[in-house]
Structure formats: structure tokens, C-alpha cells
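# Tertiary structure, described
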Amino acid sequence: MKKLAVLLFIGCISLSINAQEETTATKVDPNAPKFKFATKNVDYGSIEKNADGVRLLKFTNVGKSPLIISRVTGSCGCTVPSTPKEPIMPGQTGEIAVKYDTNRVGQIAKSITITSNADRPKIVIPVRGNVKKESSLTKLENHEKSMVATPEQ
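Here the structure is a predicted model, which means the values were calculated and not measured.

## Side note on the confidence of the model for the protein chain
Taken residue by residue, the protein chain gives an average pLDDT of 83. The fraction at 70 or more is 71%. This model gives residues 20-25 a pLDDT under 50, and the stretch forms 0 contacts once residues within four places in sequence are excluded.

Written as C-alpha cells, this is what we have:
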């Protein structure tokens, strides 16, 4: 009986210690930089094959200290984001250029991961859209342009 009481006592103490550690670990610095995105995702909509695959993800630092983006990665090689080089000061806006390989026909369901010193150190942003086959009208326009263009000498 004594052993059972000692085990229960030790269990209660360990639970209370763990609970205290979690509350201090989840505290957020009130002065930390903070993202506020203009949109919640990168939306390509419906675009044609080989169309311009660059979109801008715009954001504002609504925190109280400089926002430093250390890394931006795509979920695959067909989605290539750029990383801002300079810190984004409080109140300033920034943008991340996302380039998708529009040579691939079909649904776009990718993501980019932003790693920074913000209150949320890792943020995943979905990349959505649909790449359609090149229309015959676009092919005809390109063919006409190539016929009208004069060769350079």
C-alpha cells in the first residue's frame, strides 16, 4: 500500500511539472514580428500551359520587431519560391515570388514553407490552380507572329 501511495505521489508531481513547462514554452514574445498576408494562398486560377508561372505572395510585418525570413522552400522542384534578402521592418510590406513550372498540365496542389523569426516560426502556404492545355487560338496567334516577324540579319 505504501508503494502505491508513493507511486501516485510521484505521478502527480511529474504531471504538475510537465503542465508548468508547457505553459512557459508556449508563451509568445509580445514584441515578436508577425506576418499578415494579403491572401491565404497562392492562387494561379486557371492558366494555360507555358503561361507566366510567377505569382507574388504579399505580406506585412504587423509585429514590433524586424521580420527576418531565413528560408522559403517549395514542396517540390516544380514550385520555386524566392527568399527576401533584407529584414522587413515593423509596418513594412514584403513579397515572396513563387514560380510554378506551367509546362505541367493538370491541377496544382503544392505548398511553400516559410521559416522566420516570427511569432509562428514555420508557416505553410498552399499553392493552388489548374494548368490547361494550350488552346488552338494561342497556337494560331504564335504561328502568325512567327510568320510576320522578319528575320534579323
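## Points about the environment of Asp29
Mapped onto the elements, Asp29 comes out in the loop between helix H1 (2-25) and strand E1 (35-37). For Asp29, a relative accessible area of 46% gives the class partly exposed. A C-alpha to C-alpha distance of 7.1 Å links Asp29 and Asp119, two positions 90 residues apart in sequence. A polar contact is formed between the side chain of Asp29 and the backbone nitrogen of Asn31, at a distance of 3.1 Å.

## Structural notes on the side chain of Thr79
Note that Thr79 resides in strand E5 (residues 79-81). Overall, the relative accessible area of 2% leaves Thr79 in the buried class. Residues in contact with Thr79, not counting those within four places in the same chain, are Gly74, Val98, Lys99, Tyr100, Lys110, Ile112 and Val127.

## What to know about the pairing of strand E3 (residues 54-61)
Strand direction decides the pairing type here: E1 and E3, joined by 3 bridges, are antiparallel. Bridging across to E3, Lys36 finds its partner in Thr60. As paired elements, E3 and strand E6 (residues 93-100) share 7 bridges and run antiparallel to each other. Its bridge partner lying in E6, Arg55 is registered against Val98.

## Thoughts on the packing of aromatic side chains
This model, assessed by the stated rule, comprises 4 aromatic pairs. Centroid distance Phe35 to Phe37: 5.0 Å. Interplanar angle 5°. Geometry classified as stacked. Look at Phe35 and you get buried, because its relative accessible area is 11%. Joined through ring pairs, the aromatic side chains of Phe35, Phe37 and Phe59 make up one cluster.

## Describing the state of the cysteines
Taken as a whole and assessed by the stated rule, the structure comprises 1 disulfide. Paired by a disulfide, Cys76 and Cys78 hold their sulfur atoms 2.5 Å apart. Between Cys76 and Cys78, the disulfide has an S-S torsion of -60° and is therefore left-handed.

Analysis parameters
- Residues numbered from 1 in each chain as written.
- Predicted model: local features only at pLDDT ≥ 70, side-chain atom pairs only at ≥ 80, totals over all residues.
- Heavy atoms only, no water.
- pLDDT = per-residue confidence, 0-100.
- Contact = heavy atoms within 4.5 Å.
- Helix = DSSP H or I, 4+ residues; strand = E, 2+ residues; numbered from the N terminus.
- Buried < 20%, exposed > 50% of the residue type's maximum accessible area, 1.4 Å probe, protein only.
- Polar contact = N/O pair within 3.5 Å; in protein donor to acceptor, adjacent residues only side chain to side chain.
- Pairing = 2+ DSSP bridges.
- Phe/Tyr/Trp six-rings, centres within 6.5 Å; stacked < 30°, edge-to-face > 60°.
- Disulfide = S-S within 2.5 Å.

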